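# Structure assessment
Listed below, chain by chain, are the residues.
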Amino acid sequence: MLGTSDLAVAAAAASVPGIKLNDGNVIPQIGLGLLRIENDDVAPVVKSALAAGYRHIDGAAGYNNEGGVGRALAETGFNKGRKRSHLWVTTKLRDSEQGYDMALAAFDRQLGLLQLEYVDMYMIHWPTPFNWRSGATWKAFTKLRDEGRVKTLGVCNFLPEHLTRLYEETGEWPAVNQIELHPTWQQREVVAFCKEHGIAVEAYSPMARGADLKAGNGTIARIAEAHEVSPAQVILRWHIENGTIIIPKSVHSERQRQNLDLFGFALTLDEHAAIDALDGPERAGHDPRTFSYA
Ligand SMILES: NC(=O)c1ccc[n+]([C@@H]2O[C@H](COP(=O)([O-])OP(=O)(O)OC[C@H]3O[C@@H](n4cnc5c(N)ncnc54)[C@H](OP(=O)(O)O)[C@@H]3O)[C@@H](O)[C@H]2O)c1
């Protein structure tokens, strides 16, 4: 029988909506980001998120912590059976391992580190248009999908020109495009292009790594006060209302719980519009036209 705390966790997990993707799979709208957490430190972070009700984690080869993530999944029993089927695991290919053969070899290594039989989503991390190999990489990705070792194929940081090039080479739009997206960097043209082509938008750095908590000369803080929630919850709720998938990162269990607890209030139309109006000209991260994560 389930205890009271088990029921609370089940309720938290169940409160998160699922977003149906263009391949028919359903991704939990909130996941835990895993960037900038050391391999030796990541297991307790993942475990506390699972205990809070997170059923989606967002990792990458480039975060150098897949081994620790794998340990957490094995030790909590989320690596197999019924528990595994209720968890969404995303990981990403290193840019330096793009290309057909390299991608297949990298995936084998990553799956081993994660101690899993399959991942829910495998993503190209950056388009690196100056060294474009996404078409060949995608062929490897579709092989992995055919084998059932990857369920959903995605990309990150793709601008419309990169999505179009990939489509022209492969005849397929990715299911998800994970892009930098937060109140002061809304990338409306990229979002509109994705919507038009049935590609789900996933926001990384959804709070601009914390910088947007103070955005708009206290705009976010005032809305938070009115609803008796935190500034983080206001920003994340705005994303949820936009239908965006979000992957906020926190190593603190209290913040993890807060970032999942977005369904007890709603922004008014004016509040939502006030956050829309915070859009600005500066990204917090890198430019996909020139950056490689290596
Ligand atoms: N595909 C890509 O190229 C790419 C690029 C960047 C990020 N990502 C993914 O997106 C995830 C999230 O992005 P991000 O980590 O850059 O930034 P973020 O989620 O916008 O912000 C994380 C920062 O906010 C703090 N924070 C979290 N919850 C908070 C709360 N409730 N109140 C106050 N502060 C809070 C965290 O501190 P504490 O940890 O100390 O709580 C951390 O410093 C990453 O972890 C990664 O999985 C992907």
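Keep in mind the model is a prediction, meaning the values are calculated, not measured.

## Notes on the site of the ligand
Taken together, 28 residues lie near the ligand, and Gly33, Leu35, Tyr204, Ala232 and Lys249 sit nearest. Residue contributions to the shell around the ligand peak at three residues, all from helix H11 (residues 253-260). A class-by-class count of the residues in the shell around the ligand yields twelve nonpolar, twelve polar and four charged.

## Quick word on the pairing of strand S9 (residues 200-204)
Of all the five residues making up S9, five are buried; the element is thus mostly covered by neighbouring parts of the structure. Side-chain alternation along S9 places Ala200, Glu202 and Tyr204 on one buried face and Val201 and Ala203 on a second face that is also buried. Pairing analysis gives five bridges linking strand S8 (residues 176-180) to S9, with the strands arranged parallel. Bridge assignment links Gln178 to a residue of S9, and that residue is Glu202. Looking at chain direction, S9 and strand S10 (residues 245-246) are connected through two bridges and run parallel. Bridge pairing in S10 places Glu202 opposite Ile245.

## Looking at the packing of helix H6 (residues 134-146) against helix H7 (residues 160-170)
Contact geometry of H6 with H7 gives a least axis separation of 9 Å together with a crossing angle of 60°. As the angle between them shows, H6 and H7 are arranged oblique. The element H6 and its partner H7 pack so that their crossing is right-handed. Between H6 and H7, the residues in contact are Ser134, Gly135 and Trp138 and Leu166, Glu169 and Thr170, respectively.

## So, the nonpolar core
Nonpolar side chains tend toward joint burial in soluble globular proteins. Counting 77 residues, the largest nonpolar core has Val46 and Tyr122 as its most contacted members. Here the element with the most residues in this core is helix H2 (residues 42-52); it accounts for seven residues. Excluding anything up to four places from it in sequence, Tyr122 contacts Thr91, Leu93, Phe107, Phe141, Leu144, Val150 and Leu153.

## Quick word on the packing of H2 against H11
One way to put it is that H2 packs onto H11 with a least axis distance of 9 Å and a crossing angle of 40°. Accordingly, the angle class assigned to the pair H2 and H11 is oblique. Of the two elements, H2 crosses H11, and the hand of that crossing is right-handed. Contact with H2, carried on its side by Ser48, Ala49 and Ala52, involves Ser253, Gln256, Arg257 and Leu260 of H11 and no other residues of that element. Broken down by class, the residue content of the contact of H2 with H11 amounts to three nonpolar, three polar and one charged.

## Description of unusual backbone geometry
Only a minority of non-glycine residues have a phi that is not negative, and only a minority of peptide bonds are not trans. The phi dihedral of Asn157 falls on the positive side, at around 65°, and the residue is not glycine. Summarising the element assignment, Asn157 is placed in the loop between strand S7 (150-156) and H7. On the neighbour-count criterion, Asn157 (24 C-beta atoms within 10 Å) is buried. Phi at Gln187 is positive, roughly 45°, even though this residue is not glycine. Summarising the element assignment, Gln187 is placed in the loop between S8 and helix H8 (188-196).

## Here we look at the environment of Cys194
Among the structural elements, Cys194 can be located in helix H8. We classify Cys194 as buried; it has 22 C-beta atoms within 10 Å. Beyond its immediate sequence surroundings of up to four residues, Cys194 is in contact with Asn177, Ile199 and Val201.

## Details of the UniProt feature "binding site: substrate" (unreviewed entry) in the protein chain
In the numbering adopted here, UniProt assigns the feature "binding site: substrate" (unreviewed entry) to His125. Note on placement: His125 falls in the loop between strand S6 (119-124) and H6. Those residues in contact with His125, other than ones at most four positions away along the chain, are Ala60, Gly62, Lys92, Leu93, Arg94, Asp95, Cys156 and Tyr293.

## A look at the sheet that holds S6
Ordered in space as S3-S4-S5-S6-S7-S8-S9-S10, the eight strands form an open sheet in which the pairing is parallel. Of all strands in the sheet, those bounded by a partner on one side alone are strand S3 (32-33) and S10.

## A word on the pairing of strand S5 (residues 88-93)
Counting buried positions along S5 yields six of six residues, so the element is predominantly enclosed. In terms of strand pairing, strand S4 (residues 56-58) meets S5 through three bridges, oriented parallel. Within S5, the position partnered with Ile57 by the bridge is Val89. With four bridges connecting them, S5 and S6 associate as parallel partners. Residue pairing in the sheet places Leu93 in a bridge with Ile124 of S6.

Scoring rules and cut-offs
Residues numbered from 1 in each chain as written. Predicted model: local features only at pLDDT ≥ 70, side-chain atom pairs only at ≥ 80, totals over all residues. Near = placed C-beta within 6 Å. Helix = DSSP H or I, 4+ residues; strand = E, 2+ residues; numbered from the N terminus. Nonpolar A, V, L, I, M, F, W, Y, C, P; charged D, E, K, R; others polar. Buried ≥ 20, exposed ≤ 12 C-beta atoms within 10 Å, placed from the backbone. Pairing = 2+ DSSP bridges. Axes fitted to C-alpha atoms, helices over the stretch in contact; angles between N-to-C directions. Parallel < 35°, antiparallel > 145°, perpendicular 65-115°, else oblique. Left-handed = near helix turned anticlockwise from the far one by under 90°. Contact = placed C-beta atoms within 7 Å. Core = buried A, V, L, I, M, F, W, Y, C linked by C-beta atoms within 7 Å. UniProt positions renumbered as here; feature names shortened; annotations may be inferred.

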